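Observations on the three-dimensional arrangement
The residues making up each chain are set out below.
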Amino acid sequence: MESSKLNLNKDFRRLYGRGKSFVHPLLVTYVMFTKRGEVRYGITAGKKVGCAVLRNRARRVIEAAVRECLKSVDCNGADIVFVARSRTPFSKSQDVANAMMHHFRSSGLIKGDSQ
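Residues numbered from 1 in each chain as written. Predicted model: local features only at pLDDT ≥ 70, side-chain atom pairs only at ≥ 80, totals over all residues. Heavy atoms only, no water.

This next bit is on the pairing of strand β2 (residues 20-24). Sheet topology note: the β2/strand β3 (residues 27-33) ladder contains five bridges and is antiparallel. Pairing of S21 across the sheet is with Y30, part of β3. In this structure, the hairpin formed by β2 and β3 is closed by a connection of two residues. (Pairing = 2+ DSSP bridges. Helix = DSSP H or I, 4+ residues; strand = E, 2+ residues; numbered from the N terminus.)

Written out as structure tokens, the structure is:
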């Protein structure tokens, strides 16, 4: 699946307003289906996560989980925003990937997956 990064503020705000959200103690995911033919994703970590070191670690943990999970996405196009939570920098990328896969299944990004 083709993927690229979201980095415009208007795209993030559009997803916050109109996207479907999925919540987990490690991660919040906003998903909105599009007709672009590619999956675009963005990662944010607000000041509630902690100092700059912790926010950067949270983004790296989420980025590692995204690389693993986007391989199994089966849809024509979607925009996804991942928001780090206060427990994210202290967790392993595999734990975040498990939460991410659960969000993907709930949102319909993964089709034909038995659960």
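The next subject is the sheet that holds strand β1 (residues 3-5). Read from one edge to the other, the open sheet built from five strands follows the order β1-β4-β5-β3-β2, with strand pairing classed as mixed. One side of each edge strand has no neighbouring strand; the edge strands of this open sheet are β1 and β2. The mean angle between the axes of side-by-side strands here comes to 20°, regardless of whether they run parallel or antiparallel. The sheet strands contacting helix α1 (residues 9-18) are β2, β3, β4 (39-44) and β5 (78-84), and the helix crosses β5 at an angle near 90°. Strands β1, β3, β4 and β5 of the sheet are contacted by helix α2 (residues 52-69), whose axis makes an angle of about 160° with β4. (Axes fitted to C-alpha atoms, helices over the stretch in contact; angles between N-to-C directions. Contact = heavy atoms within 4.5 Å.)

Let us now look at helix α3 (residues 93-107). An ideal rise of 1.5 Å per residue puts 21 Å on 15 residues; α3 measures up with 21 Å between its terminal C-alpha atoms. For α3, every residue scored as buried is listed here: V96, A97, A99, M100, M101, H103, F104 and S107. Tucked inside the fold, the buried residues of α3 contact β2, β3, α2 and β5. Phi turns positive one or two residues past the end of α3, at G108, with a value near 90°. (Expected span 1.5 Å × (residues − 1). Buried < 20%, exposed > 50% of the residue type's maximum accessible area, 1.4 Å probe, protein only.)

As enumerated under the stated definition, the model contains three aromatic pairs in all. Centroid distance Y16 to Y30: 5.1 Å. Interplanar angle 75°. Geometry classified as edge-to-face. Highlighted residues: Y16 in helix α1 and Y30 in strand β3, separated in sequence by 14 residues. What makes Y16 partly exposed here is its relative accessible area of 36%. When the centroid spacing of 6.2 Å and the interplanar angle of 50° are considered together, the rings of F82 and F104 count as tilted. Of the two residues, F82 sits in strand β5 while F104 sits in helix α3, which places them 22 residues apart along the sequence. The same class applies to F82 as to F104, namely buried. Cluster of aromatic residues (ring-pair linked, three or more members): F12, Y16 and Y30. Taking NZ or CZ as reference, K20 lies 5.5 Å from the ring centre of F22, over its face. (Phe/Tyr/Trp six-rings, centres within 6.5 Å; stacked < 30°, edge-to-face > 60°. Lys NZ or Arg CZ within 6 Å of the ring centre and 35° of its normal.)

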